[in-house]
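# Structure assessment
Each chain is listed here by its residues.
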Amino acid sequence: MTALPRGETPDLAAENHEDREDAGSDDAVGAAGTPGDDASAEGGAEPVPESPESPEASAESETAADPEAAADSADAEVSGGTGADGTPGTDAAPALSEAEIELAAQRELRERIEKRKAEKEGPIAAGTKLSGPAADLLAAVRAVESGEKAATAFFEPRASAPAPRPAADGPAPVPSAARPRPAEQRPTQPASPEAADAVAAVLAEGGAPEALARPAAVTLGEQAAGLLREDPWQLLSVPGVRPEQADGFARALLGTECGPDDERRTAALVGWLLERAALQGHTALDASQVRAALAERAVTDPGAAVEHAVAEGVVLVFQDGLDAVEAAEPGETEGDDVDGAQDAHDEQEPVQVLLGLDRYALAEESLADGLARLVNACEKGADWTDAASAAPSPSAAELIRTVATAGLVAHSGGESARAEPAALVSAAQGLGLRAFGAAHSVDGRHRLATAVGDPQAAVTLRDLLSGAAGPGRDTDGALALDLLVVLDAPQLDVETAAMLVESLADGTRLVLSGDPGVLGSAGAGRVFADVLAARACPQVVSRTPDPGPIGELVSGIGIGELTQVDAPGREVVIVPVRDAGEAVHRTVQLVADSVPRAIGVPSSDTQVITVGHGGSAGTKALNAALKERLNPGPGRFGGFDPGDRVVHVPAPGRAVPGSVVSADAEGLHLDCAGTPVVVPPDAVESSVRHSWALSAHQAAGMRWPAVVVVLPGDAAQGLSRPWVYTAFSRGERHLSVVHGVDQALPRSVAEIPAQERTTRLRPLLEALPTPDAS
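Residues numbered from 1 in each chain as written. Predicted model: local features only at pLDDT ≥ 70, side-chain atom pairs only at ≥ 80, totals over all residues. Heavy atoms only, no water.

## What about the overall build of the protein?
Along its length, the protein carries 28 helices and 19 strands. Expressed as a percentage of contacts within the protein between residues at least 6 apart in sequence, the contacts between residues at least 24 apart total 75%. As presented, the protein carries roughly 31800 Å² of accessible surface, and 50% of it is formed by carbon and sulfur atoms. (Helix = DSSP H or I, 4+ residues; strand = E, 2+ residues; numbered from the N terminus. Contact = heavy atoms within 4.5 Å. Areas by Shrake-Rupley, 256 points an atom, 1.4 Å probe, with all protein chains shown as cover.)

## Side note on the packing of helix α26 (residues 721–728) against helix α27 (residues 744–751)
Close contact between α26 and α27 brings their axes to 7 Å; oriented N to C, the two are set at 110°. Comparing the axis directions of α26 and α27 gives the class roughly perpendicular. Between α26 and α27, the residues in contact are Arg721, Val724 and Phe728 and Leu745, Ser748, Val749, Ala750 and Glu751, respectively. (Axes fitted to C-alpha atoms, helices over the stretch in contact; angles between N-to-C directions. Parallel < 35°, antiparallel > 145°, perpendicular 65-115°, else oblique.)

## Some words on the confidence of the model for the protein
Counting all residues, the mean pLDDT for the protein is 79, and 71% of those residues have values of 70 or more. Scored below 50 in pLDDT, residues 120–135 makes 21 contacts in the model with residues more than four places away or belonging to other chains. Segment residues 322–342: pLDDT under 50, and 21 contacts once partners within four positions in sequence are set aside and those in other chains are kept. (pLDDT = per-residue confidence, 0-100.)

## Some remarks on the pairing of strand β5 (residues 435–439)
Most of β5 sits inside the fold, with five of its five residues counted as buried. Alternating residues of β5 divide into Ala435, Gly437 and Ala439 and Phe436 and Ala438, and every residue in both groups is buried. Pairing geometry for β5 and strand β7 (residues 483–486), over four bridges, is parallel. Residue Phe436 lies in a different strand from β7, and its bridge partner there is Leu484. The pairing of β5 with strand β6 (residues 458–460) spans three bridges and is classified as parallel. Residue Ala439 lies in a different strand from β6, and its bridge partner there is Thr460. Remark: the β5/helix α17 (residues 442–452)/β6 crossover connection has right-handed handedness. (Buried < 20%, exposed > 50% of the residue type's maximum accessible area, 1.4 Å probe, protein only. Pairing = 2+ DSSP bridges. Right-handed = clockwise from strand over helix to strand, strands pointing away.)

## Comments concerning the nonpolar core
As a rule of thumb, soluble globular proteins bury nonpolar side chains together. In terms of nonpolar packing, the biggest core is built from 90 residues, with Leu484 and Leu510 touching the most fellow members. Residues in contact with Leu484, not counting those within four places in the same chain, are Phe436, Ala438, Leu464, Leu500, Leu504, Arg509, Leu510 and Val511. Ranked by size, the runner-up nonpolar core spans 36 residues in total, among them Val518, Ile550, Val572 and Ile609. (Core = buried A, V, L, I, M, F, W, Y, C linked by side-chain atoms within 4.5 Å.)

## With respect to the sheet that holds strand β15 (residues 675–679)
An order of β15-β14-β13-β12-β16 is seen for the five strands of this open sheet, with the pairing classed as antiparallel. Unpaired on one side and paired on the other, β15 and β16 (688–690) mark the two borders of the sheet. Sheet twist, expressed as the average angle between the axes of neighbouring strands with direction ignored, equals 40°. Pairing between strand β12 (residues 645–648) and β16: three bridges, direction antiparallel. Looking at the pairing, Val647 lines up with Arg689 of β16.

## Concerning the environment of Leu630
Note on placement: Leu630 falls in helix α23 (residues 619–630). The class for Leu630 is partly exposed, based on a relative accessible area of 29%. As a C-alpha pair, Leu630 and Gly643 span 13 residues in sequence and 9.5 Å in three-dimensional space.

## A short note on the pairing of strand β13 (residues 656–664)
Where β12 lies against β13, four bridges are found, and the strand directions are antiparallel. The residue bridging Val647 from the neighbouring strand is Pro657, located in β13. In the sheet, β13 pairs with strand β14 (residues 667–672) via five bridges, with the strands oriented antiparallel. Its bridge partner lying in β14, Asp664 is registered against Gly667. The hairpin turn running from β13 into β14, its antiparallel successor, is two residues long.

## Observations concerning the packing of aromatic side chains
Counted by the stated rule, this structure contains zero aromatic pairs. Its end group placed over the ring of Phe637, Arg636 keeps NZ or CZ at 5.0 Å from the ring centre. Geometry around Phe318 places Arg760 over its ring, the cationic atom sitting 3.7 Å from the centre. (Phe/Tyr/Trp six-rings, centres within 6.5 Å; stacked < 30°, edge-to-face > 60°. Lys NZ or Arg CZ within 6 Å of the ring centre and 35° of its normal.)

## Looking at α17
For α17, the complete set of buried residues consists of Gly444, Arg447, Leu448, Ala449 and Val452. Tucked into the core, α17 has its buried residues touching α16 (419–430), β5, β6 and β19 (731–739). Taken from the residues just after α17, Gly453 is the one with a positive phi, measuring 85°.

## Re the side chain of Asp644
For Asp644, the location among the structural elements is in the loop between α23 and β12. Asp644 sits in the buried class, given a relative accessible area of 0%. Here Asp641 takes part through its backbone nitrogen, which lies 2.9 Å from a polar atom of the side chain of Asp644. Among the polar contacts made by the side chain of Asp644, one reaches the side chain of His690 at a distance of 2.9 Å. Once residues lying within four places of it in the same chain are set aside, the contact partners of Asp644 are Lys627, Asn631, Gly639, Gly658, Ser659, Val660, His690 and Trp692. (Polar contact = N/O pair within 3.5 Å; in protein donor to acceptor, adjacent residues only side chain to side chain.)

## Observations regarding the pattern of salt bridges
Under the counting rule described, the total for this entry stands at 23 salt bridges. Between Arg543 and Glu398 there is a salt bridge, with its nearest N and O atoms 2.9 Å apart. In this pair, Arg543 is assigned in the loop between β9 (539–541) and α21 (548–558) and Glu398 in helix α15 (residues 394–405), connecting sequence segments 145 residues apart. The shortest N-O distance in the salt bridge between Arg418 and Asp488 comes to 2.8 Å. With Arg418 in the loop between β4 (408–412) and α16 and Asp488 in the loop between β7 and α19 (494–502), this residue pair connects regions lying 70 residues apart in the sequence. (Salt bridge = Lys/Arg side-chain N within 4 Å of Asp/Glu carboxyl O.)

## With respect to the sheet that holds β7
The strands making up a sheet associate through hydrogen bonds between their backbones, and the pairing can be parallel or antiparallel. The strand order across the open sheet formed by six strands is β6-β5-β7-β8-β4-β9, and the pairing between neighbours is parallel. Single-partner strands in this sheet number two, and they are β6 and β9. For this sheet, the mean angle separating the axes of adjacent strands, direction not counted, is 20°. In this sheet, strand β8 (residues 509–514) lies alongside β4 in parallel orientation, the contact comprising five bridges. Bridging across to β8, Ala410 finds its partner in Leu512.

## Notes on the packing of helix α9 (residues 263–279) against helix α10 (residues 287–296)
The geometry of α9 relative to α10 is characterised by a closest axis approach of 10 Å and an angle of 125° between their N-to-C directions. When the interaxial angle is binned, α9 and α10 end up oblique. Where α9 crosses over α10, the handedness of that crossing is right-handed. Where α9 approaches α10, its residues Thr266, Leu269, Val270, Leu273 and Leu274 are matched on the opposing element by Val290, Ala293 and Leu294. (Left-handed = near helix turned anticlockwise from the far one by under 90°.)

Next up, the structure:
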């Protein structure tokens, strides 16, 4: 493996090494007990024991932006595009699949348990309207809850019934009336002053900071004070609170009545572990990992704690693995046949038991069924032959021909390959079809609109779902279009994808297009990767390479090679540094002087990308240094001045670049790509950051004429192939690498692939029926 080319660098005297700052503490509550900045906002998630966070996970946990974890909690209420009854929605109303019935039953059980606890009544009422698998599931869990049977039946694969699979005749559609409303449909309800005051009183009694009163009231609702007094560990559901803080709060309220094995504590810990795993992209965790994590938090019987959490409806249980006896229906096999099937089952690997939160389980089930619905509902329709013949490239022609016969298509390629879905949208419009393209960012939308030649045909995914842009919706609530191309598909989390697919009518063609080499979504799931791995639809791989030295460099990184490239126009430049202090100094010089002078790209079009938010060369330190050089000021508006480059994070996973215009009593006024935005004063600190320097996850889906990637020595552990691929591919004309990690850079490219995420979407897609290949 050869080194990157070394370009001309400014002749600078080395600076003294600055004292290393805290590189992103996991503590979400500061010394005073108030939510800290790094963990709750930077995404510094604590790894689950037995599943240590890889360097890639560390980088991904910085996702999107610092402030996102403190953003609108409506995201936590999204169930993945389900209807009012908790079931996924489509156009007809045959019987639900067994998987959907099981999920609905578990959800109903959870609601019944919560209602019983709230009303302090006797045993839950009989579910007389349930039958079949749902009734069996309900009866089984009631037996566990009443003590008639041991809950270990759920966790011993050989003693458990096989996991239900979808019916062989295809996914079960659901009435179109159950379609969800767009993403803005579930705004967070503000806490009333009375509720916040009541919570503040309970927090004060338990020694917790008053600053948690409002977020606790928003998270737990108007009855938050009563809930916290009855179950102090409910405080763990508030973003940024850690178990040790919740334990201290509980001890102050309950005294000696509570201990590490208190069922309220263990149930809250299980939910907290799953929520933290979701920050790292997992939609489920192996039960053994959860038990190990509980043991590390002083729970003496982790198995019983997990079983109790299941019985209380905190988490759902799923079994993924070999079901040797599932082929034999009850009553069809007797005697030796049953014994033989069981013997075959015993010889196989144990079934993997996964635990998941209902919001992600429902989203994955809904998404899998929705994708299968699109696959099975496709009709040939218009003649695409001439459109394919007129395509601008062979790969674009292949994509058009494939979409002509398929309801779902996966398209992969680099930056240049974005021209192919753009050509598809243009071709579909030429056939009289309602065709649109959706991108992850405003920048991506602009690039797509330019390629299509029709600004109205390109939207951001958020605006499409909210109805702020795009075709609008028909009388059934479905998006009024015939073809939708989603670019930057790796940025799709499972909940957004479920909402999107449930918003598409039968017969709509969906193309998921993106670069598999970039970092994954900020939210939970790996939708694009799971669709590709499951081979649930036709796949078109672009043969259009990215041009120039940057394209050649990035292509090599994609296959694990950091090769030397010829850069006669200084398209790629290496700037060696010895320490973090020198890295900051040279980065400022590059942005403010060297790149504008030598490359002709102004500072306003140059983006700095670094590994993390904390540390002496993280986004915080770099932004402070760049502001001092490029837009000095006192920061009189909450640390901001007019002209500051910022990123606004209105919701988790969304990072919208902008600039500060002014501030007044209404809040901080921003210009976000021509759209005026007013951030309320109490939300500025949590949702606005300077953006001369971004993390790679924040930069995903966007491009700039010039990019400066900063790799100080302490960044080595956060590097991985997807991180390097994403950061290096953000520059259009120029890439400078402030390099201080020595051999850690080529090693990360060669040896550290993408972080594995535990999800259930791939097996769900593999189990769903698809049309005959012929």
